[in-house]
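Residue-level structure breakdown
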Amino acid sequence: MTTYDDRASLTDLTATVERVRSSVEGVIEGKPEVVRLSLTVLLAEGHLLIEDVPGVGKTMLAKALARSIDCSVRRIQFTPDLLPSDITGVSIWDQQRRDFEFKPGAIFAQIVIGDEINRASPKTQSALLESLEERQVTIDGQTYELPSPFMVVATQNPVEMEGTYPLPEAQRDRFMARVSVGYPSVEAELQMLDVHGGISPLEDLQPVAHADEILKLIEAVRGVHVAEPVRRYVVELVAATRTHPDLRLGASPRATLHLLRAAKASAALSGREYALPDDVQGLAVAVLAHRLLPTAQAQLNRRTAEQVVEEILQRTAVPTAAPHPGLDSGRGATGYGQQPPRRL
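Residues numbered from 1 in each chain as written. Predicted model: local features only at pLDDT ≥ 70, side-chain atom pairs only at ≥ 80, totals over all residues. Heavy atoms only, no water.

**Side note on the packing of helix α10 (residues 228-243) against helix α11 (residues 253-269)**
Following both chains from N to C, one finds α10 and α11 inclined at 140°, their axes separated by 10 Å at the closest point. The two elements α10 and α11 cross, and the hand of that crossing is right-handed. Contacts from Arg231, Val234, Val235, Val238 and Arg242 in α10 reach Pro253, Thr256, Leu259 and Leu260 in α11. Its residues assigned to classes, the contact of α10 with α11 comprises six nonpolar, one polar and two charged. (Axes fitted to C-alpha atoms, helices over the stretch in contact; angles between N-to-C directions. Helix = DSSP H or I, 4+ residues; strand = E, 2+ residues; numbered from the N terminus. Left-handed = near helix turned anticlockwise from the far one by under 90°. Contact = heavy atoms within 4.5 Å. Nonpolar A, V, L, I, M, F, W, Y, C, P; charged D, E, K, R; others polar.)

Structure follows, in structure tokens:
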């Protein structure tokens, strides 16, 4: 593999990501923060869960991201009659060869769009567990590697809606981040009428980056420096969810890894070779909230997991050491000097 110095890699990352961002935002109007989070998850080698009511553009966002990158794309429509073998594949007996032949399922693609994932049965949902975590599929004792880069972008409707099954905790924990698209502003919706009123902008969407470029950008993100105080800050935030009185299930060690990787990707998207506490704070709700289970009393008090994460951010002291060995810990220009706990 070709080796790039950090500065060149980050320069390439900024230019490539800007092309992808512009391409996606040409389809998704007025949601730049949602598009940025999607790109952050992609470069952090994670999977994205998009949850919202029907009709706000969940599938449109997933398809726009997939079409902006020149790579293999498959879409799985999750329905109650979907079988696990439809996702992972199946071994079929070949009469001529007198042997079993493996027929890959829809999961064998670089970007997989899981449409309305919580409308399938729990058994079918569980077929994704190995793919999401280990990036492989095991059928009849044989393991098959999935292509790289590999990202699952799944959409789901709120669990209160008819015909939905709640995602198992083990599966939610494998998604790096959850995002809600939300309703557009009046201006964005007016612009949407102009853009989408005739033909869908997806029809004219062309790839602006290649899969090989994404792999190089992922390598650049891996090299982003995270100082010891920032790593400790990540651990303290996640650990606080495990002892909070309003939660009966806190975040797992996997959540700690996901938050760290997402913070590194966010720093790279900002053109920095080092991560700041701001990167962690900006992603904490998206990365942690969907993994948490409030207690019954908290639900009666209408306390949400997002509110609990915000409260933990307020109470946890922000680290004060230098974000990078070459920087002075007292330099205010980095936004990383002496700081009290976060105040909202």
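**Comments concerning helix α9 (residues 211-222)**
Given a rise of 1.5 Å per residue, 12 residues ought to cover 16 Å, and the 17 Å separating the end C-alpha atoms of α9 matches this to within 8%. Those residues of α9 that fall on the buried side of the exposure criterion are Ala211, Ile214, Leu217, Ile218, Ala220 and Val221. Down the axis of α9, the buried set is contained in an arc of 165°. They therefore lie on one face. (Expected span 1.5 Å × (residues − 1). Buried < 20%, exposed > 50% of the residue type's maximum accessible area, 1.4 Å probe, protein only. Arc of directions from axis to C-beta.)

**As for α10**
Taking 1.5 Å per residue, 16 residues should reach 22 Å; α10 reaches 23 Å between its end C-alpha atoms and fits that length. Every buried residue belonging to α10 is among Val230, Tyr233, Val234, Leu237, Val238 and Thr241, and all of these are buried. Taken around the axis of α10, the buried residues stretch over an arc of 120°, which confines them to a single face. Relative to its buried face, α10 has exposed residues pointing more than 90 degrees away, namely Arg232 and Thr243. Among the structural elements, β12 (247-249), α11, α12 (277-288) and α14 (305-315) are those in contact with the buried residues of α10.

**Here we look at the pattern of salt bridges**
One pass over the full model with this rule turns up 19 salt bridges. In this structure, the salt-bridge partner of Arg254 is Glu133, at a minimum N-O distance of 3.0 Å. One end of the pair, Arg254, is in helix α11; the other, Glu133, is in helix α6 (residues 129-134), and 121 residues separate them in sequence. With relative accessibility at 34%, the residue Glu133 sits in the partly exposed group. Linking Arg303 and Asp246 is a salt bridge whose minimum nitrogen-to-oxygen distance equals 3.0 Å. Remark: Asp246 occurs in the loop between α10 and β12 and Arg303 occurs in the loop between α13 (296-300) and α14; sequence separation between them is 57 residues. Overall, the relative accessible area of 22% leaves Arg303 in the partly exposed class. Sharing partners across several salt bridges, the network here consists of Glu133, Asp173, Arg254 and Arg291. (Salt bridge = Lys/Arg side-chain N within 4 Å of Asp/Glu carboxyl O.)

**Considering the pairing of strand β5 (residues 99-104)**
In terms of strand pairing, strand β4 (residues 89-94) meets β5 through six bridges, oriented antiparallel. Bridging across to β5, Gly89 finds its partner in Pro104. Counting the residues between successive antiparallel strands, the hairpin from β4 to β5 contains four residues, one of them, Arg98, with a positive phi of roughly 55°. (Pairing = 2+ DSSP bridges.)

**A short note on the packing of aromatic side chains**
This model, assessed by the stated rule, comprises three aromatic pairs. Centre to centre, the rings of Phe102 and Phe108 are 5.7 Å apart; their planes meet at 65°, and the pair counts as edge-to-face. For Phe108, a relative accessible area of 18% gives the class buried. For Phe102, a relative accessible area of 15% corresponds to the buried category. Ring-pair connections join several aromatic residues into one group, and the members of that group are Phe102, Phe108 and Tyr144. (Phe/Tyr/Trp six-rings, centres within 6.5 Å; stacked < 30°, edge-to-face > 60°.)

**Overview of the packing of α10 against α12**
It is the contact of α10 with α12, at a shortest axis distance of 11 Å, that shows an interaxial angle of 30°. Here α10 is positioned roughly parallel relative to α12, judged by the angle of their axes. Between α10 and α12 lies a crossing whose hand is right-handed. From α10, Val230, Tyr233, Val234, Leu237 and Val238 reach across to α12, where they touch Pro277, Val280, Gln281 and Leu288. In terms of residue class, the contact of α10 with α12 is built from eight nonpolar, one polar and no charged. (Parallel < 35°, antiparallel > 145°, perpendicular 65-115°, else oblique.)

**Examining the side chain of Ser38**
With respect to the helices and strands, the residue Ser38 is situated in helix α2 (residues 32-43). Residue classification places Ser38 among the buried residues on the basis of a relative accessible area of 2%. Beyond its immediate chain neighbours, meaning those up to four positions away, Ser38 contacts Leu48, Leu61, Leu65 and Met151.

**Focus: the sheet that holds strand β3 (residues 73-77)**
The pairing of strands in a sheet happens through backbone hydrogen bonds and is either parallel or antiparallel. Here five strands make up an open sheet; going across it, the order is β3-β6-β9-β1-β10 and the pairing parallel. The sheet is open, and its two borders are formed by β3 and β10 (177-179), each paired with just one other strand. On average, each strand axis in the sheet is inclined to that of its neighbour by 15°, with strand direction left out of account. Summarising the sheet, strand β1 (residues 48-51) and strand β9 (residues 151-156) pair through four bridges and their orientation is parallel. Across the sheet, Ile50 pairs through a bridge with Thr155, a residue of β9.

In short, shape yes, function no, at least from these values alone.
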